[in-house]
Amino acid sequence: MRAFLIRAVNPIVDDFEQFTFKGPKTGVSLPYNLYISKGHDKNDTAESYPLVLFMHDASVVSTTVKATLVQGLGAVC
């Protein structure tokens, strides 16, 4: 039996962008994932969008920022 490795593409997880917040007083860096809706116009101040937070638990121990997106059901549900 042959085994094949296929990279699964998740249309939700793959649409997140990764950024880093740097604290102005402490200089501590905090990487995070941000999902921006398709069609979002950052220059349109009349349109508002809800902020939805996913608070992952401590079971993810990784330096990979996207790891929290696939932990449990993360961003895939």
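If you're wondering where the values come from, they're calculated on a predicted model, not measured in any experiment.

(A) Just the confidence of the model for the chain, in detail. When pLDDT is averaged along the chain, the result is 78, and 78% of the positions lie at 70 or above. Taken element by element, the chain is modelled with least confidence in helix 1 (residues 67-70), mean pLDDT 79, and with most confidence in strand 1 (residues 16-22), mean pLDDT 93.

(B) Structural context of the pairing of strand 1. Relative to strand 2 (residues 29-35), strand 1 runs antiparallel, the two sharing 7 bridges. Counterpart to Phe19 in the pairing with strand 2 is Tyr32. Taking the residues between adjacent antiparallel strands as the criterion, strand 1 and strand 2 are bridged by 6 residues, where Gly27 takes a positive phi near 75°.

(C) Geometry of the packing of aromatic side chains. Counted under the stated rule, the structure contains 2 aromatic pairs. Taken together, a centroid distance of 5.5 Å and an interplanar angle of 50° make the contact between Phe16 and Tyr35 tilted. Separated by 19 residues along the polypeptide, Phe16 in strand 1 and Tyr35 in strand 2 bring together distant segments of the chain. The buried category is assigned to Phe16, whose relative accessible area is 16%. Of the residues examined, Tyr35 reaches a relative accessible area of 38% and is grouped as partly exposed.

(D) Representation of the pattern of salt bridges within the structure. Here the structure, examined in full by the defined rule, presents 1 salt bridge. The partner of Lys38 in a salt bridge is Asp15, and the shortest N-O contact between them spans 2.8 Å. Here Asp15 lies in the segment before strand 1 and Lys38 lies in the loop between strand 2 and helix 1, a separation of 23 residues in the sequence. We classify Asp15 as partly exposed; its relative accessible area is 29%.

(E) Inspection of a nonpolar patch on the surface at higher detail. On the surface, Phe19, Phe21, Leu30, Tyr32, Leu34 and Ile36 cluster together to form a nonpolar patch covering roughly 520 Å² of accessible area. Elements supplying a minimum of two residues to the nonpolar patch: strand 1 and strand 2. It is strand 2 that contributes the most residues to the nonpolar patch, 3 residues altogether. Structurally, Leu34 can be placed in strand 2. Of the residues examined, Leu34 reaches a relative accessible area of 32% and is grouped as partly exposed.

About the thresholds
- Residues numbered from 1 in each chain as written.
- Predicted model: local features only at pLDDT ≥ 70, side-chain atom pairs only at ≥ 80, totals over all residues.
- Heavy atoms only, no water.
- pLDDT = per-residue confidence, 0-100.
- Helix = DSSP H or I, 4+ residues; strand = E, 2+ residues; numbered from the N terminus.
- Pairing = 2+ DSSP bridges.
- Phe/Tyr/Trp six-rings, centres within 6.5 Å; stacked < 30°, edge-to-face > 60°.
- Buried < 20%, exposed > 50% of the residue type's maximum accessible area, 1.4 Å probe, protein only.
- Salt bridge = Lys/Arg side-chain N within 4 Å of Asp/Glu carboxyl O.
- Patch = residues over 30% accessible without salt bridge, like charges linked within 9 Å, V, L, I, M, F, W, Y side chains within 5 Å.
- Areas by Shrake-Rupley, 256 points an atom, 1.4 Å probe, with all protein chains shown as cover.

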